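Residue-level listing of the chains:
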Amino acid sequence: MSVILAVYIGAAVLPALFLMRYIYVNDTIEKESPGLLLRLVLSGVYAAFLAILLETIGTGLLDAAGFADETAYTIATAVMVGLSEEISKFIFLYFRTWRSPEFNFRYDGIVYAVFVSLGFAAYENIRYVFYYGLTVAPSRALLAVPAHMAFGVFMGSAYGRAKILDIYGKEGKSKLLNIGGVLCAAALHSFYDACAMLGSQPAMILFIAFVIIMYIVVIRKVRNESRSDSEI
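Residues numbered from 1 in each chain as written. Predicted model: local features only at pLDDT ≥ 70, side-chain atom pairs only at ≥ 80, totals over all residues. Heavy atoms only, no water.

Draft legend 1. Structural context of the packing of helix 3 (residues 70–97) against helix 6 (residues 171–198). In the contact formed by helix 3 and helix 6, the axes pass within 7 Å of each other and the chain directions differ by 140°. The angle between the axes of helix 3 and helix 6 places the two elements in the oblique class. The interaxial crossing formed by helix 3 with helix 6 has right-handed handedness. Packed against helix 3, whose contacting residues are Thr 71, Thr 74, Thr 77, Ala 78, Val 79, Val 81, Gly 82, Leu 83, Glu 85, Glu 86, Ile 87 and Phe 90, the element helix 6 presents Asn 178, Val 182, Leu 183, Ala 185, Ala 186, His 189, Ser 190, Asp 193, Ala 194, Met 197 and Leu 198 at the interface. Within the contact of helix 3 with helix 6, the residues separate by chemical class into 13 nonpolar, seven polar and three charged. (Axes fitted to C-alpha atoms, helices over the stretch in contact; angles between N-to-C directions. Helix = DSSP H or I, 4+ residues; strand = E, 2+ residues; numbered from the N terminus. Parallel < 35°, antiparallel > 145°, perpendicular 65-115°, else oblique. Left-handed = near helix turned anticlockwise from the far one by under 90°. Contact = heavy atoms within 4.5 Å. Nonpolar A, V, L, I, M, F, W, Y, C, P; charged D, E, K, R; others polar.)

Draft legend 2. Up close: helix 3. The terminal C-alpha atoms of helix 3 lie 40 Å apart, and with 28 residues this matches the ideal 40 Å at 1.5 Å per residue to within 8%. The opening residue of helix 3, the one whose side-chain oxygen lies 3.2 Å from the backbone nitrogen of Thr 71, is Asp 69. (Expected span 1.5 Å × (residues − 1). Polar contact = N/O pair within 3.5 Å; in protein donor to acceptor, adjacent residues only side chain to side chain.)

Draft legend 3. Representation of the state of the cysteines within the structure. Tallied over the full model, the rule gives zero disulfides. Of all cysteine sulfurs in the structure, the one in Cys 195 sits closest to Cys 184, which takes part in no disulfide; the separation is 16 Å. Judged by relative accessible area, Cys 184 falls into the partly exposed class, the value being 31%. Judged by its relative accessible area of 4%, Cys 195 falls in the buried class. (Disulfide = S-S within 2.5 Å. Buried < 20%, exposed > 50% of the residue type's maximum accessible area, 1.4 Å probe, protein only.)

Draft legend 4. Expanded view of the packing of aromatic side chains. The final tally for this structure, using the stated rule, is 16 aromatic pairs. Here Phe 90 and Tyr 94 contribute two aromatic rings whose centre-to-centre distance is 5.9 Å and whose plane-to-plane angle is 35°, an arrangement assigned as tilted. Remark: Tyr 94 and Phe 90 occur in helix 3; sequence separation between them is four residues, near one turn of the helix. Between Phe 103 and Tyr 159 the ring centres are 5.3 Å apart and the planes differ by 20°, which places this aromatic pair in the stacked class. Here Tyr 159 lies in helix 5 (residues 137–167) and Phe 103 lies in the loop between helix 3 and helix 4 (108–132), a separation of 56 residues in the sequence. As far as burial versus exposure is concerned, Phe 103 and Tyr 159 are alike and both buried. Through pairs of rings, three or more aromatic residues link up here, namely Phe 90, Tyr 94, Phe 95, Trp 98, Phe 103, Tyr 112 and Tyr 159. The ring of Tyr 24 has Lys 31 sitting right over it, with the charged end atom 4.6 Å from the ring centre. Here Lys 89 stacks its cationic end above the ring of Phe 120, 5.0 Å away from the centre of that ring. (Phe/Tyr/Trp six-rings, centres within 6.5 Å; stacked < 30°, edge-to-face > 60°. Lys NZ or Arg CZ within 6 Å of the ring centre and 35° of its normal.)

Draft legend 5. Spotlight on the side chain of Asp 193. Mapped onto the elements of the fold, Asp 193 is located in helix 6. An unpaired buried charge is present at Asp 193: no salt bridge exists, and Arg 140, the closest side chain of opposite charge, is 8.2 Å distant. Ignoring sequence-local partners within four residues, the contact set of Asp 193 consists of Ala 78 and Val 81. (Lys, Arg positive; Asp, Glu negative; His and termini not counted. Salt bridge = Lys/Arg side-chain N within 4 Å of Asp/Glu carboxyl O.)

Draft legend 6. Structural detail: the nonpolar core. Counting residues in hydrophobic clusters, the biggest one holds 46 residues, and the most contacted among them are Ile 23 and Leu 118. Elements with a contribution of two residues or more to this core: helix 1 (2–25), helix 2 (34–65), helix 3, helix 4, helix 5, helix 6 and helix 7 (201–227). Those residues within four positions of Ile 23 in sequence are excluded, and the remaining contacts are Tyr 107, Ile 110, Val 111, Val 114, Met 149, Val 153 and Val 222. (Core = buried A, V, L, I, M, F, W, Y, C linked by side-chain atoms within 4.5 Å.)

Draft legend 7. Geometry of helix 6. For helix 6, spanning 28 residues, the distance from its first C-alpha to its last is 40 Å, which sits close to the expected 40 Å at 1.5 Å a residue. Looking at the residues trailing helix 6, positive phi occurs at Gly 199, about 75°.

Draft legend 8. Looking closely at a nonpolar patch on the surface. A grouping of Ile 75, Val 79, Leu 83, Ile 87, Ile 91, Phe 95, Leu 176, Ile 179, Leu 183 and Leu 198 is seen on the molecular surface, where their side chains present a nonpolar patch of about 880 Å² in accessible area. Elements supplying a minimum of two residues to the nonpolar patch: helix 3 and helix 6. Within the fold, Ile 75 resides in helix 3. (Patch = residues over 30% accessible without salt bridge, like charges linked within 9 Å, V, L, I, M, F, W, Y side chains within 5 Å. Areas by Shrake-Rupley, 256 points an atom, 1.4 Å probe, with all protein chains shown as cover.)

Draft legend 9. Here's a closer look at the environment of Arg 227. Within the element layout of this structure, Arg 227 appears in helix 7. On the accessibility criterion, Arg 227 (68% relative accessible area) is exposed. Counting along the chain gives 199 residues from Arg 227 to Thr 28, while the straight-line C-alpha distance between them is 8.2 Å.

Draft legend 10. Geometry of the packing of helix 2 against helix 4. At their nearest, the axes of helix 2 and helix 4 sit 7 Å apart, and the two run at 55° to each other. Judged by the angle between their axes, helix 2 and helix 4 are oblique. Once helix 2 is placed against helix 4, the crossing between them reads as right-handed. Only Val 111, Tyr 112, Phe 115, Val 116, Gly 119, Phe 120, Tyr 123 and Arg 127 of helix 4 make contact with helix 2, whose side of the interface consists of Leu 36, Leu 37, Leu 40, Val 41, Ser 43, Gly 44, Val 45, Ala 47, Ala 48, Phe 49, Ala 51 and Ile 52. When grouped by side-chain class, the residues that make up the contact of helix 2 with helix 4 number 16 nonpolar, three polar and one charged.

The quantities given are spatial measurements derived from coordinates; they are silent on function.
Written out as structure tokens, the structure is:
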């Protein structure tokens with residue numbers, strides 16, 4: 001029984017650990033402390049619980065709205081899920097790191113956002129693997145977990161720049177940039193979910209194209225942000 005449990009947990013968690021290492025390795029100037037990184041991963045788990053609460057409330061509101069069209073309801077659900085999950089991640093990201101003395105390089109924003117996102121994804125993956133079995137592990141390892149990392153990269157890129165604006169006393173612009181980062185991550189998340197949930201052939205073609213393009217952009221973005229990293 002313990003071996004089976006370890007296999008299930010390993011299948012759920014290893015993809016997130018692999019991507020955490022990728023982001024960590026690209027933090028070339030000053031590594032973040034293991035304690036902070038662990039707290040960020042746990043913050044992602046807490047964010048998952050908050051997202052479940054928000055999604056429960058959101059689903060109730062959408063059901064009460066009485067959508068006549070199933071496609072519209074699916075898209076609205078995807079938008080609600082995307083907003084709930086990315087806002088939840090940002091709340092824990094912000095309160096855990098915004099005033100941290102370790103937040104002293106722009107690329108740190110990406111590290112922090114991605115570790116929260118992958119903590120979220122790892123917890124979500126454990127739930128899926130234990131509920132649906134190991135058959136869902138490969139698809140989630142290739143799609144869902146990297147997608148959470150990608151959303152985190154976009155949010156974190158804005159987060160790092162917003163911190164610089166805040167340091168220079170431009171609090172209004174800093175807040176707007178953080179809001180923009182959250183909305184960008186939520187928009188990508190919502191589009192990803194909408195295509196997957198619709199399930200039609202055109203939607204799946206669009207989904208595959210979207211995922212490929214997003215992963216290429218994210219890999220280049222991580223590389224460029226790492227190379228041009230600067231102290232805050």
